[in-house]
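# Topology and contacts: notes
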Amino acid sequence: MRISEFQRIINEMYSDKDRQRGSAKTFLWFAEEVGELASAIANDDKQNTVEEFADVFAWLVTLANVEGVDLEDAVRKFTEGCPGCGKMECQCDNKLTNVS
Ligand SMILES: [Mg+2]
Ligand SMILES: [Zn+2]
């Protein structure tokens, strides 16, 4: 499945409710799911972690729909190399990517 196909499915499923809710409240739902993902990882609960990744992604896609952003287009730059250094294997200074 392409990202654009998933975004279209979510749009068809929820667009009426999403438009009524608006960006600010949709962002709160998204943030809540990010918190649930953090808890699932912290609790080392693999099944719940998988579920929360889905929730976070679905709410991110929903937020993109409300904002009129094509997510597949938005992330395309990463398929052409790291946005920082342009390389397919990132060569950015570790201070920028916080490895250590
Ligand atoms: Mg959740
Ligand atoms: Zn880089």
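So, here is what we can say about the structure in this document. Computed from a prediction, not measured in an experiment: that's the story for all the values here. (Residues numbered from 1 in each chain as written. Chains lettered and ligands numbered in written order. Predicted model: local features only at pLDDT ≥ 70, side-chain atom pairs only at ≥ 80, totals over all residues. Heavy atoms only, no water.)

### Things to note about the nonpolar core
- Residues Phe-6, Ile-10, Ala-58, Val-61, Ala-64 and Leu-71 constitute the largest nonpolar core, which totals 6 residues.
- Only helix H1 (3-42) and helix H2 (46-67) provide two or more residues apiece to this core.
- Take this core: its biggest share by element is 3 residues, from H2. (Core = buried A, V, L, I, M, F, W, Y, C linked by side-chain atoms within 4.5 Å. Buried < 20%, exposed > 50% of the residue type's maximum accessible area, 1.4 Å probe, protein only. Helix = DSSP H or I, 4+ residues; strand = E, 2+ residues; numbered from the N terminus.)

### Examining the side chain of Glu-33
- Topologically, Glu-33 is positioned in helix H1.
- Buried charge without a salt bridge: Glu-33, with Arg-21 as the nearest opposite-charge side chain at an N-O distance of 11 Å.
- Apart from the residues lying within four places of it in its own chain, the contact partners of Glu-33 are Glu-52, Asp-55, Val-56 and Trp-59. (Lys, Arg positive; Asp, Glu negative; His and termini not counted. Salt bridge = Lys/Arg side-chain N within 4 Å of Asp/Glu carboxyl O. Contact = heavy atoms within 4.5 Å.)

Geometric values such as these leave the question of function open.
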